[in-house]
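Remarks on the overall topology
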Amino acid sequence: MNKTVVDHVGRTVTYTYPPKRIVSLCPGITDTLFALNLEQEIVGRTKYCIYPKGKVEEVPVVGGTKNVKLAAIQDVAPDLIIVEKEENTKEIVEELEQYFPVYVAEVQTIEEAYAMIEEMGELTDRENAAISLIQSTRNAFEKLPLGAGKRAAYVIWRKPYMVVGKDTYIQSLLDRLGFTNPFVQHEGRYPAVTIEDFQQANLDVLLLASEPFPYTEKHIPEFNAFLPDVQIELVDGEMFWYGPRMLEAAHYLAEKMSKKNTGASK
């Protein structure tokens, strides 16, 4: 049968329910669909959809998050395509909706991540699995320690330096951890910043992410040179993804936050 829903940007989407051939163009959503026991239904993904390992590799790649191969998507003939407002572009949606039903999700906060999981369950007739995943994740997140008001920046890029700003899932997670991010005052969700911006931010902690730019130990001296009194931590950027990674992230972040050099309360 057909089902009609309204997506996060107000578009009306009519598709065959429950969908049997799904293309997901967002890593966190692809991971979520697998967690909802939809591995037989997923027929397309992006090259950045790398979870769950050992299963996702069997799904054909139909492009990246910012560019897709229409011919590859037409080859797998989806009855529903799921995209995410930040991860994918308006142009992608406009191109694909000419041929297939396209549902646009949006995740900017932890609560919206839970809502996304619930929506994926409703879209695909996996409500019970979605509720179970949400409850498990909520329980894990409730046990996270707090950063005791420390001022922290989360760095995602180099040349230019770029940090996490307002209206992002990562910022919501920093809030949940008790950190204050001075760069939410800057324009844009991922503002470019200068050495002077870092120095004026009065930071206690600097978090260098492993992705999208692959920060490693070798980059720490670069920041130590102009932030000598700031605690610099390498963090696994994949632990700041929404979806099923949130369960793993809860344990990872609890361990990270318990270290004295983050200034966290135990």
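Refer to the preceding data block for the structure.
Presented here is an overview of the structure given in this document. (Residues numbered from 1 in each chain as written. Predicted model: local features only at pLDDT ≥ 70, side-chain atom pairs only at ≥ 80, totals over all residues. Heavy atoms only, no water.)

**Describing the sheet that holds strand β6 (residues 102–105)**
The strands making up a sheet are joined through hydrogen bonds of the backbone, oriented either antiparallel or parallel. Definition in use: Strands pair, by our definition, only if DSSP identifies at least two bridges between them. A run of H or I in DSSP becomes a helix once it reaches four residues, and a run of E becomes a strand once it reaches two; helices and strands are each numbered from the N terminus. Fitting a line to C-alpha atoms yields each axis, with helices limited to the stretch in contact; the angle taken between N-to-C directions then spans 0 to 180 degrees. Pairs of residues are marked as contacts when any of their non-hydrogen atoms sit within 4.5 Å.
Read across the sheet, four strands follow the order β4-β3-β5-β6 without closing on themselves; strand pairing throughout is parallel. Taken across any chain shown, the strands that pair with only one partner, and hence form the sheet edges, are β4 (42–44) and β6. Between one strand axis and the next, the sheet turns by 35 degrees as a mean value, whatever way the strands run. Two strands pair when backbone bridges link them, and strand β3 (residues 22–24) and β4 are joined in this way by two bridges, in the parallel orientation. From the neighbouring strand, I22 faces β4, where its bridge partner is I42. Against the sheet, helix α4 (residues 110–124) makes contact with β3, β5 (80–84) and β6, and its axis sits at roughly 165 degrees relative to β6, the strand it touches most.

**Side note on helix α6 (residues 169–176)**
How we decide: Classification of residues uses two cut-offs on accessible area relative to the type maximum, computed with a 1.4 Å probe and protein chains only: under 20% is buried, over 50% is exposed, and between them is partly exposed.
Burial analysis of α6 places six of its eight residues in the buried class, the great majority of the element. Buried within α6 we find Y169, I170, Q171, S172, L173 and L174. Against the buried residues of α6 lie α4, α5 (127–142), β7 (152–157), β10 (205–209) and α9 (245–257). G178 lies just past α6 and shows a positive phi near 90 degrees.

**Structural notes on unusual backbone geometry**
Cis geometry is found at the peptide bond from Y17 to P18, where omega equals -10 degrees. Here P18 lies in the loop between β2 (12–16) and β3. The residue after Y51, namely P52, is reached through a cis peptide bond having omega 0 degrees. Structurally, the position occupied by P52 is in the loop between β4 and α2 (70–76). If you check the backbone angles, K159 has positive phi at about 60 degrees while not being a glycine. Even without glycine at this site, D167 takes up a positive phi of about 60 degrees.

**Examining the environment of Y51**
Applied cut-off: We call two N or O atoms a polar contact when they sit within 3.5 Å, provided that within protein one can donate a hydrogen and the other can accept it, with sequence-adjacent residues counted only if both atoms are side-chain atoms.
Residue placement: Y51 occurs in the loop between β4 and α2. When the C-alpha positions of Y51 and R245 are compared, they lie 8.7 Å apart, and in sequence the two are 194 residues distant. Among the polar contacts listed, one links the side chain of Y51 to the side chain of E238, at a separation of 2.2 Å.

**Section: the packing of helix α1 (residues 27–35) against α4**
Worth spelling out the cut-off: To sort the angles, those under 35 degrees are grouped as roughly parallel, those over 145 as roughly antiparallel, those from 65 to 115 as roughly perpendicular, and the leftovers as oblique. Left-handed is the label given to a crossing in which the near helix is rotated counterclockwise from the far helix by less than a right angle, and right-handed is the label when the rotation is clockwise. Basically, the charged four are Asp, Glu, Lys and Arg, the nonpolar ten are Ala, Val, Leu, Ile, Met, Phe, Trp, Tyr, Cys and Pro, and anything else, Gly included, counts as polar.
Put simply, α1 and α4 touch, their axes get as near as 10 Å, and they point 55 degrees apart. What the angle tells us is that α1 and α4 run oblique. Our pair here, α1 against α4, has a crossing hand that is right-handed. Counting all contacts with α1, which are made through G28, I29, T32 and L33, the residues of α4 involved are M116, I117, M120 and T124. Partitioned by chemical class, the residues of the contact of α1 with α4 number five nonpolar, three polar and no charged.

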